[in-house]
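Here is what each chain is made of, one letter per residue.
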Amino acid sequence: MTAAALPRAPGAGQATAPVHTVMVVPAMHCAGCMAKVERTLGRIDGVVSARVNLTARQVDVAHDDRVCVPDLVAALALIGFDAQPRIDLAEPVSAVRPLLAPLAVAAFACMNVMLLSVSVWSGADGPTRALFHWLSAMIGVPAIVFAGRPFFASAWGAVRRGSTNMDVPIAIGVILATALSVHETITGGPEAWFDGTLMLLLFLLAGRALDAMMRDRARAGVDALLRQAPGGAMVVDAQGAATWRAVTDLAPGMVMRVASGERLAADGAIVCGASRFDQSLLTGESAAVPGNPGDRVLAGTLNLENPVDVRVTASGQDTSLAEIARLMAVAGQARSRYVRVADRASRLYAPVVHTLAVLAFAGWLAAGAGLHQSLVIAISVLIITCPCALGLAVPVAQVVATGALLRRGVLVKDGSALERLAEVDHALIDKTGTLTFGRPVPDAASLDMLHGDEASVALALASHSRHPLSVALTQALGLRGVRAVDLTDVAEIAGRGMTARRGAMVVTLGRAAGADGMATALTTPGNPVRIIRFADALRPDWHQALARLRALHVECAILSGDNAAAVAEVAQITGLPARAAVSPADKQAAIAALQATGATVLMVGDGLNDGPALAAANASIAPGSASDVGRQAADLVFTGVSLLAVPRAIGAARATMRVVRQNFVLAIAYNLLAVPLAMAGLVTPLVAAVAMSTSSLLVIANSLRLAGTIR
Amino acid sequence: MTSLALLIPIALLMGMMGLAAFFWALRRGQFSDLDGAAARILIEDDDRDAP
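Colleague: Help me understand the overall build of chain A in this model?
Modeller: A tally of helices and strands in chain A yields 25 helices and 26 strands. Split into buried and exposed, the 711 residues of chain A put 47% on the buried side.

Colleague: Just to check I follow, could you spell out the overall build of chain B for this structure?
Modeller: Per the secondary structure count, chain B includes two helices and zero strands. For chain B, the residues scored as buried account for 2% of the 51 residues in total.

Colleague: Even after reading the chapter, I still don't get the environment of P540 of chain A, so can you show me in this structure?
Modeller: Residues and elements named next belong to chain A. Structurally, P540 is set in the loop between strand 21 (530-538) and helix 18 (542-551). Under the C-beta neighbour-count criterion, P540 is labelled partly exposed, with 14 such atoms within 10 Å. As for P540 and S642, which are separated by 102 residues in sequence, their C-alpha atoms are 5.9 Å apart. Dropping the residues within four chain positions of it, P540 is found in contact with V641 and S642.

Colleague: When you look at the interface of chain B and chain A in this model, what are you seeing that I'm missing?
Modeller: A common way to report how large an interface is uses the accessible area buried once the components associate. Across the contact, 20 residues belong to chain B and 19 residues belong to chain A. The set of elements that each furnish at least two residues to the side of chain B that touches chain A consists of helix 1 (2-27) and helix 2 (34-40) of chain B. In terms of residue count, helix 1 of chain B provides more of the side of chain B that touches chain A than any other element does, nine residues in total.

Colleague: In this structure, what is going on with helix 6 (residues 167-187) of chain A? I would like to understand it.
Modeller: Side chains three or four residues apart in an α-helix point the same way, a direct result of the helix having 3.6 residues per turn. Residue and element names in this part refer to chain A. Here helix 6 spans 30 Å end to end across 21 residues, near enough to the 30 Å set by a 1.5 Å rise per residue. Regarding helix 6, the residues found buried are D167, V168, P169, I170, A171, G173, V174, A177, T178, L180, S181 and T185. Note on helix 6: the residue one or two positions beyond its end, G188, has a positive phi of about 70°.

Colleague: Any chance you could explain the pairing of strand 15 (residues 426-429) of chain A here in plain terms?
Modeller: Residues in a regular strand point their side chains to alternate faces of the sheet. All names here are of chain A. Bridge count between strand 15 and strand 22 (residues 555-559): four bridges; the pairing is parallel. The partner of L428 across the bridge, within strand 22, is A557. Bridging between strand 15 and strand 24 (residues 601-604) involves four bridges; their strand directions are parallel. Across the sheet, A427 pairs through a bridge with L602, a residue of strand 24.

Colleague: Would you mind showing me how to read the sheet that holds strand 1 (residues 19-24) of chain A here?
Modeller: Within a sheet, adjacent strands bond to each other through the backbone by hydrogen bonds, running parallel or antiparallel. Residue and element names in this part refer to chain A. Taken in spatial order, the four strands line up as 2-3-1-4 in an open sheet, and their pairing is antiparallel. Edge positions in the sheet fall to strand 2 (47-53) and strand 4 (84-85), since each has one partner strand and no second. Judged from the six bridges that link them, strand 1 and strand 3 (residues 58-63) form a sheet pairing that is antiparallel. Across the sheet, T21 pairs through a bridge with V61, a residue of strand 3. Each of strand 2 and strand 3 touches helix 1 (residues 31-43); the most contacted strand, strand 2, lies at about 165° to it.

Colleague: Please clarify how unusual backbone geometry should be interpreted in this entry.
Modeller: Most peptide bonds are trans, and most residues other than glycine sit at a negative phi. Residue and element names in this part refer to chain A. Not every positive phi belongs to a glycine, and D541 is a case in point at roughly 70°. Note that D541 resides in the loop between strand 21 and helix 18. Phi at H553 takes a positive value of approximately 60°, unusual for a residue other than glycine. Secondary-structure assignment places H553 in the loop between helix 18 and strand 22.

Colleague: I'm lost on the sheet that holds strand 10 (residues 289-291) of chain A in this one. Help?
Modeller: Residues and elements named next belong to chain A. Overall, antiparallel pairing links the three strands, which are arranged 10-9-12 in an open sheet. Looking along the sheet, the strands with just one partner apiece sit at the ends: strand 10 and strand 12 (302-303). Two strands pair when backbone bridges link them, and strand 9 (residues 275-278) and strand 12 are joined in this way by two bridges, in the antiparallel orientation. Among the inter-strand pairings, F277 is bridged to a residue of strand 12, identified as N303.

Colleague: Before we go on, may I ask you to explain the domain arrangement of chain A in this structure?
Modeller: For chain A, the domain assignment lists domain 1 (19-85), domain 2 (93-227), domain 3 (232-328), domain 4 (410-437 + 539-654) and domain 5 (452-526). Put simply, the middle of domain 4 of chain A and the middle of domain 5 of chain A, counted by C-alpha atoms, are 36 Å apart.

Colleague: In this structure, what is going on with the pairing of strand 25 (residues 619-623) of chain A? I would like to understand it.
Modeller: Residue and element names in this part refer to chain A. The element strand 25 is extensively covered by neighbouring structure, given that five of its five residues are classed as buried. What you see with strand 25 is no split at all: A619, I621 and P623 on one side and S620 and A622 on the other are buried throughout. Across three bridges, the pairing between strand 24 and strand 25 is parallel. Residue pairing in the sheet places V604 in a bridge with I621 of strand 25. What joins strand 24 to strand 25 is helix 21 (residues 611-616), and the crossover it makes is right-handed. Direction of pairing for strand 25 relative to strand 26 (residues 636-638): parallel, over a ladder of three bridges. Across the sheet, P623 pairs through a bridge with F638, a residue of strand 26.

Colleague: Help me understand the packing of helix 6 of chain A against helix 11 (residues 371-385) of chain A, please; the structure alone is not making it clear to me.
Modeller: Relative placement of two packed helices is described by the angle separating their axes and the distance separating the axes. Residue and element names in this part refer to chain A. Following both chains from N to C, one finds helix 6 and helix 11 inclined at 140°, their axes separated by 9 Å at the closest point. Taken together, the axis directions place helix 6 and helix 11 in an arrangement best described as oblique. As helix 6 packs across helix 11, the resulting crossing turns out to be left-handed. Side by side, helix 6 and helix 11 meet where I172, G173, L176, A177 and L180 of the first sit next to V376, I379, L382 and I383 of the second.

Colleague: Is there a simple way to explain the nonpolar core in this structure?
Modeller: One broad trend across soluble globular proteins is that nonpolar side chains are buried collectively. Residues and elements named next belong to chain A. Core analysis: the biggest nonpolar cluster contains 144 residues, and A106, L198 and A649 have the highest contact counts within it. When residues of this core are assigned to their parent elements, the largest contribution, 17 residues, is made by helix 23 (residues 645-679). When residues of this core are assigned to domains, at least three map to each of domain 2 (93-227) and domain 4 (410-437 + 539-654). For A106, the contacting residues outside a window of four places in its chain are A143, A147, L198, L201, L202 and L205. Formed by 24 residues, the second largest nonpolar core is a distinct cluster that contains A460, A476, L477 and A519.

Cut-offs applied
- Residues numbered from 1 in each chain as written.
- Chains lettered and ligands numbered in written order.
- Predicted model: local features only at pLDDT ≥ 70, side-chain atom pairs only at ≥ 80, totals over all residues.
- Helix = DSSP H or I, 4+ residues; strand = E, 2+ residues; numbered from the N terminus.
- Buried ≥ 20, exposed ≤ 12 C-beta atoms within 10 Å, placed from the backbone.
- Contact = placed C-beta atoms within 7 Å.
- Expected span 1.5 Å × (residues − 1).
- Pairing = 2+ DSSP bridges.
- Axes fitted to C-alpha atoms, helices over the stretch in contact; angles between N-to-C directions.
- Domains from an automatic or database assignment.
- Right-handed = clockwise from strand over helix to strand, strands pointing away.
- Parallel < 35°, antiparallel > 145°, perpendicular 65-115°, else oblique.
- Left-handed = near helix turned anticlockwise from the far one by under 90°.
- Core = buried A, V, L, I, M, F, W, Y, C linked by C-beta atoms within 7 Å.

The following block contains the structure:
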């Protein structure tokens, strides 16, 4: 385990302490990437060491003051990795780390105490038993205090709010069992329960750690993308000098120069230049909107054609982008009130268990047993019913399901997401970018119209341009196996298109005058003008995906911000009911209206304009190509292009909840067997230890079946 | 009994050593990148000067 970058001999007189820079490199995913990144950075003069953290998709670079951040970014760009210095938005704390130490202590103490307990069970007596109990107490009590802290803290928090959760019966059981065992040890009694108590804590901590590990892993991929620095803009001052400013440094009144193909970093009004803008991220509208001097343009929109100068009118917290973020923050609060299934189960479970324990105590006292014996029996009821298998029932099933989904390209960001997703009966699907790709794709029919080498000319022209239509055309023709012809004098005229010479003839590819919708015109000598139309194509497999959703009894509808004509077309093809031209706030309202009728709503969307709706719905899914906001707001993110991920995720969530319910039945059935024994006073620490491990193993084995069933 | 008096402290001491080693590893960040640790085994160290 040596860092791949060797320390370099420091130059004479340069004994300054190295500076650490943490860079986010989202594209790293394997050993090869790690080696490339570490070696490339290590070779830079002045870099002391570079160490990749693959889980967090980050690299920690130690360097002296000869190296600055742009050098590192440039070095990584050369080998094909996009990198950004990390900005420290409140660093998401790892959920697993605080559980590792209690887990290790519980495991250590459990093993050692069990060793001593085995001797007691096999008949150690008199002073030997007393010695072993004392040793167990010396190991067990500090270990229980340390390893039980996560449960004590959570239980205390719930009790103080006057509610109850899973941890309340656990904490009561653990504390009473420990107190009884200490009493038995001091008075030289026959039975101590340190082994069972520690085993209980060990199993429960293992369940918690699994749950936390799942959340950490799924979040890491999404966080790596979110933690990239926000964009910025080229700001032109009165003297005409251009400087790059980060988004946070933009102020109203500044003039920013927006190149073609760039996104606007702030709201503003066009000062000079005219272009067309793609607002689909913000509104869902697919057709480009023209912008002329004096027109208002919004942050987040994409400049399609000509460079324009824009005077900033609102930046940072005042943009329409930030307004959407505020809507989302409010919408997310409703979801935090969701009560997870384990806590719901324990709300029913805890009162029953505590009543049984009290009944056992009162019953034995009434039957003439001593105070001490009645107390021992009541506590053994509490220990035997402590929700050990219940504690594993939910996390193990969810971890197995999340792992299986991850391998099929669906990231689950939160454990409760699967629980909420399983209950869904209505799905609202955004059009642009979700049902469709959200980018133009040339119409196959118009490509078929190209005769002879027209397609080769079109490819040659399109490949020289970064305009979205050209990029789409290049991609589509490349897929058809078209080869580009040789052209000379290729030039791009802003707003008009591409021209070039082919031999002595002029060929052009550019704006199609008079054509409605997205289209481009190809002129070649000796041929009529060819119009190539573009449409936002539906994702593949949409048909099967919708059929499978229907089979799952999920009613689908389209909810889009796009114009009525574009939405009606997709609605007609897919046969789904649709609402068009819906604003972000209206999407949220539509979800609230559905929820008011008793429906449980799934939102599938990608854009910024879907953010509030994604946060407000009972559960939400976003494609991996979604905006940062969409990915952050959604519970699940699917990385592939196929829409089949949506029914797959719902199916997996329902299968998981089925297994969780089976696990509950298994755990409770075990209690039904054990509780009468405990109430009859027949349970010894040995019986408790065996019963507890068997029921936990049963639950784990049942959950593992999920790995095979998720397709 | 005399053997127990020797064996129990030895067993406890060895267990404590294991626990201490785990805590040391935890503090040194050995568990902060489990995916990376799994992938690192595949990196070849000796091709530093290869083209």
